[in-house]
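Architecture at a glance
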Amino acid sequence: MINMWNMKKYLSGLGAMLVGAGLMFIFTHAEVSAESEANKPEPFGCSRKYVGDYDIQHCETGYLDCAVTSSGISCVKKGGILK
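A brief look at the structure comes next. (Residues numbered from 1 in each chain as written. Predicted model: local features only at pLDDT ≥ 70, side-chain atom pairs only at ≥ 80, totals over all residues. Heavy atoms only, no water.)

Quick notes on the state of the cysteines
Tallied over the entire structure, the rule returns two disulfides. Across the disulfide, Cys46 is cross-linked to Cys59 (sulfur-sulfur distance 2.1 Å). Between Cys46 and Cys59 the disulfide shows an S-S torsion of about 115°. By sign, it is right-handed. Remark: Cys59 occurs in strand β2 (residues 54-60) and Cys46 occurs in strand β1 (residues 45-51); sequence separation between them is 13 residues. Classification of Cys46 by relative accessible area gives partly exposed; the value is 46%. Put simply, Cys66 and Cys75 are joined by a disulfide, and their sulfur atoms are 2.1 Å apart. Classification of the bridge connecting Cys66 and Cys75 rests on its S-S torsion, roughly 110°, and on that basis the disulfide is right-handed. Judged by its relative accessible area of 3%, Cys66 is buried. Counting its disulfide-bonded cysteines in sequence order, the protein chain shows a connectivity of 1-2, 3-4. (Disulfide = S-S within 2.5 Å. Helix = DSSP H or I, 4+ residues; strand = E, 2+ residues; numbered from the N terminus. Buried < 20%, exposed > 50% of the residue type's maximum accessible area, 1.4 Å probe, protein only.)

Below, the structure written as structure tokens:
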């Protein structure tokens, strides 16, 4: 026969598993949603400046800051921990 103490332990363990499953569902649902947003291209705005004999284009998005010259491109990630 199952006594009340064992039944309470069983039900509390079952409740904890249910809460854990609910949290996993919430976090994985948010992750899928964020992933679908990441697939959309972000607008890329550029401006052109002439510095002496050099033609420099400054291009940026919400997370990248780039300089484009005739010899190549250089990008720096914006923000981060030290924002």
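Back to the write-up after that little detour.
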